[in-house]
Amino acid sequence: MRRRIAAEWKVRLLRIVIAEDHALLADGLNRLLSAHDCEVVEIVDNGPRLGPALLQHRPDVAVIDVRLPPTYTDEGLRAAIDVREQLPGLPVLVLSQYVEQLYARELIRDRAGGMGYLLKDRVANVGEFLAALRRVAEGGTAMDPEVVTQLLGGQESKLDSLTPREREVLTLMAEGLSNAAIAAALYVTDKAVDKHSNNVFRKLGLTVSGDANRRVLAVLAYLDGQGP
Amino acid sequence: MAQTSSPRSPTFVGPLTRRFRNLGLAGALIGVQVVGTVLFVLFIAAVPLIFLTVGLPLTVGVVYLTRYVCDAERFIFRRGFGVPIDRPYRPWPRGHLGKQLLVITKDVATWRDLAWRAVNTTLGLLVYTVYIGLFAGAVMALAQPFLWLGLPEVFDNYYGLFTYDSFGSGMLLGGAVALINLTAWWSGGDAMITGYSKLSGVLLRPTRSSVLEQRVERLAESRAETVDHSASELRRIERDLHDGAQARLVALGLNLGMAEEVLESDPDTAARLVSEARHTSTVALSEIRNLVRGIHPPVLADRGLVGAVEALALAHPVPVTVHAQLPGRPPHPVETAAYFAVAEALTNAAKYAHATQVSVRIEYFTNRLGVIVRDDGDGGAKTTPGGGLEGVAQRLDAFDGNLTVKSPNGGPTVIALEIPCVLEAPPPS
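So, a few notes on the structure that sits alongside this text. No experiment lies behind these values; they were computed from the predicted model shown. (Residues numbered from 1 in each chain as written. Chains lettered and ligands numbered in written order. Predicted model: local features only at pLDDT ≥ 70, side-chain atom pairs only at ≥ 80, totals over all residues. Heavy atoms only, no water.)

## Topic: the pattern of salt bridges
Logical step 1: Counted by the stated rule, this structure contains 29 salt bridges over all chains.
Logical step 2: A salt bridge links B:Arg236 to B:Asp240; the shortest N-O distance between them is 3.5 Å. Taken as a pair, B:Arg236 and B:Asp240 lie in helix α6 (residues 208–262) at a separation of four residues, close to a single helical turn.
Logical step 3: For B:Arg236, a relative accessible area of 27% translates into the label partly exposed.
Logical step 4: Taking the relative accessible area as the measure of exposure, B:Asp240 reaches 34% and is therefore partly exposed.
Logical step 5: Residues participating in the shared-partner salt-bridge network are A:Asp74, A:Arg78, A:Glu106 and B:Arg303. (Salt bridge = Lys/Arg side-chain N within 4 Å of Asp/Glu carboxyl O. Helix = DSSP H or I, 4+ residues; strand = E, 2+ residues; numbered from the N terminus. Buried < 20%, exposed > 50% of the residue type's maximum accessible area, 1.4 Å probe, protein only.)

So, in structure tokens, the structure goes:
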């Protein structure tokens, strides 16, 4: 029924695989996503099943909890990284109760885009969560503001030359927002954001291609101390 | 035994130097023994006088000084003869003299010291003087003919056994005596004195039961500290939860309850209340996250000590390099203790020492986990009571680990910890 309506309105349903072992949360996510133009094709509740499920369904985006049975350590994270070796760029949005810069680094290592790393709490802010989900599904990036704060915190000296506004723009770029989205978030014009972002790149000595995804990855790599 | 080796003649020169050194040591031991004998005699004199005014302080004083004399001998035996002897003493008791006397008479080490003094005064002195005497006798026998040449009336006979009438015969005698003496000194004398030094250990070292007693005392102390520490940690957690997350969840419930009430009559207010509730839930989660991180960081459970330290290094404002060589995972409590030690050291490096570079080294050797944190900051780090490093040291103590802090003013600071443990073999990957 939903498919037919969606087809009529020419809205393409996003196909999603959820990997979450906590039943309440999985159910909540399912309902949330189903109510917003998404089709949940499978809910996986353990690590070993995740890889095969992703390969089988090839979803538009997978929402994966880091911590899954049987080891309850970082199964979800590892499965996400492994599957992306076989299906490069398969969009994954990794959720966790806590964020570690170390894990963020592992996720962006393959530079393939279509990756998100968010605190589970963010799910409560439905608008932002869905925006992040769609961004990742389209090949973009969604990095939790906490991780970005940690990354920025480690680079104080390099960021001295930026104005407060430029820092704001840099932060939102690192989170994965496009210029248009940044403009909306900061209540400024697109042109202003362009100017700020160019200044940021110039001051940090980054030369980045126009591709938005590559830009984010370059910024993240820079903040992570890895160079462009 | 430190064998001095020489490039020229390793088989001969080494033993020779050692024996000459032994001569010197024997002389030193005689000197120490003289003092010891004086004390021993005083002790014998003082004991009957204990109940008179002078006897008590004299006895206590003598026992106290005898400890130092025995320590001197332990030092000589350890450094000179390579016989390691531990000090068997507990700390000197406090209180008035009578109480001190009671405590030391109950200590078996006191009696062993005195027994040693008796043995050393007799047997020991004999050994030392014979050892020196053999050598001195040889020298004297060889020297006497020359002295006779100079002063014929004084040095005219050798112990009444032989009269010097010519230099030649005197030298023959001297040679013969020297030969006998030196042979005896070289082999027999050496064996005698090294044997005696080993014998000294029998009385000077702590008895097995006192070693065990002291270990039990240390363990009981450390366990009491650990229990204390755990109890206060739990109290802190309870307090943090009560004041933090629990309070917020109550507020959240309140907001939702109020929203329910006005949902139909005042939807705008309801919407605002619900939004506030959502925000409060985020804050509560954040507080719980921080609490958990202070108890047992999830990354430590996921990735083990090395991974968790790497995560710490990454998040640290100052560049931190990590070198780790661990063929397996230490037990969880050991990992936790080591992790928090590194976290403390890193925090101090950034906050107080203004370091620009930190390095962390993690190794495992001879059944011990070793971690060294080195920073190039201003130094001056100390384990002050109640401070972070002191807490780390106490935590390590519970595992028989130890913490050393080398932090001269001006830097650099090196914090090293060791914990004996057994590693789990890593799962086959």
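## Some remarks on the nonpolar core
Side chains that are nonpolar tend, in soluble globular proteins, to be buried together.
Logical step 1: Formed by 93 residues in total, the largest nonpolar core has its most connected members in A:Tyr117, A:Met143, A:Leu170, A:Leu223 and B:Val360.
Logical step 2: If you tally residues by element for this core, the top one is helix α9 (residues 332–351) of chain B, at eleven residues.
Logical step 3: If sequence neighbours within four positions are ignored, A:Leu223 has contacts with A:Leu151, A:Leu152, A:Gln155, A:Leu159, A:Leu170 and A:Ala174.
Logical step 4: If you look at the next biggest cluster of nonpolar residues, it comprises 33 residues, including B:Ile50, B:Cys70, B:Tyr128 and B:Trp185. (Core = buried A, V, L, I, M, F, W, Y, C linked by side-chain atoms within 4.5 Å. Contact = heavy atoms within 4.5 Å.)

## What about the interface of chain B and chain A?
Logical step 1: Opposite the 15 residues of chain B that make contact, chain A presents 21 residues.
Logical step 2: Taken over both partners, the interface formed by chain B and chain A buries close to 1,700 Å², and the fraction arising from carbon and sulfur atoms is 48%.
Logical step 3: Contact with chain A buries area across many residues of chain B, yet B:Asp302, B:Arg303 and B:Leu314 alone supply 38% of it, more than any other trio.
Logical step 4: Run the count over chain B and chain A and you get five salt bridges.
Logical step 5: The shortest N-O distance in the salt bridge between B:Asp302 and A:Arg67 comes to 3.7 Å.
Logical step 6: Connecting chain B to chain A are six residue pairs in polar contact (both at pLDDT 80 or more).
Logical step 7: Where the side of chain B that touches chain A is concerned, the elements lending two or more residues are α7 (267–295) and α8 (298–315) of chain B.
Logical step 8: At nine residues, α8(B) tops the list of elements feeding residues into the side of chain B that touches chain A.
Logical step 9: When its residues are assigned to classes, the side of chain B that touches chain A shows eight nonpolar, two polar and five charged. (Buried area = accessible area lost by both parts, 1.4 Å probe. Polar contact = N/O pair within 3.5 Å; in protein donor to acceptor, adjacent residues only side chain to side chain. Nonpolar A, V, L, I, M, F, W, Y, C, P; charged D, E, K, R; others polar.)

## Re unusual backbone geometry
Residue and element names in this part refer to chain A.
Logical step 1: Here the bond from Pro-69 into Pro-70 is cis, since omega is 0°, no more than 30 degrees from zero.
Logical step 2: By the secondary structure assignment, Pro-70 is in the loop between β3 (61–65) and α4 (75–86).
Logical step 3: The phi angle at Arg-58 is positive, at roughly 45°, despite the residue not being glycine.
Logical step 4: Position of Arg-58 relative to the elements: it lies in the loop between α3 (47–57) and β3.
Logical step 5: Positive phi, normally seen in glycine, also occurs at Tyr-72, with a value near 50°.
Logical step 6: Counting through the fold element by element, Tyr-72 comes out in the loop between β3 and α4.

## Quick word on the packing of helix α8 (residues 164–175) of chain A against helix α10 (residues 190–204) of chain A
All names here are of chain A.
Logical step 1: The contact between α8 and α10 brings their axes to 9 Å, and the two run at 90°. Here α8 lies roughly perpendicular to α10, going by the angle between them. Here α8 contributes Arg-165, Glu-166, Val-169, Leu-170 and Met-173 to the contact with α10, which in turn contributes His-196, Ser-197, Asn-199, Val-200, Phe-201, Lys-203 and Leu-204. (Axes fitted to C-alpha atoms, helices over the stretch in contact; angles between N-to-C directions. Parallel < 35°, antiparallel > 145°, perpendicular 65-115°, else oblique.)

## A short note on helix α11 (residues 212–223) of chain A
Residue and element names in this part refer to chain A.
Logical step 1: Between its first and last C-alpha, α11 extends 17 Å over twelve residues, near the 16 Å set by a 1.5 Å rise per residue.
Logical step 2: When you tally the buried positions in α11, you get nine out of twelve residues, the bulk of the element.
Logical step 3: For α11, the complete set of buried residues consists of Arg-215, Val-216, Leu-217, Ala-218, Val-219, Leu-220, Ala-221, Tyr-222 and Leu-223.
Logical step 4: Residues of α11 that are buried in the fold lie against α5 (101–108), β6 (141–143), α7 (145–153), α8, α9 (179–186) and α10. (Expected span 1.5 Å × (residues − 1).)

## Quick look at the packing of helix α2 (residues 55–81) of chain B against helix α5 (residues 167–204) of chain B
Residues and elements named next belong to chain B.
Logical step 1: Contact geometry for α2 and α5: axes closest at 11 Å, N-to-C directions at 135°. Taken together, α2 and α5 sit at an angle that is classed as oblique. Of the two possible hands of crossing, α2 and α5 adopt the one that is left-handed. Side by side, α2 and α5 meet where Cys-70, Glu-73, Arg-74, Phe-77 and Phe-81 of the first sit next to Ile-193, Thr-194, Ser-197, Ser-200 and Leu-204 of the second.
Logical step 2: Residues that form the contact of α2 with α5 fall into these classes: five nonpolar, three polar and two charged. (Left-handed = near helix turned anticlockwise from the far one by under 90°.)

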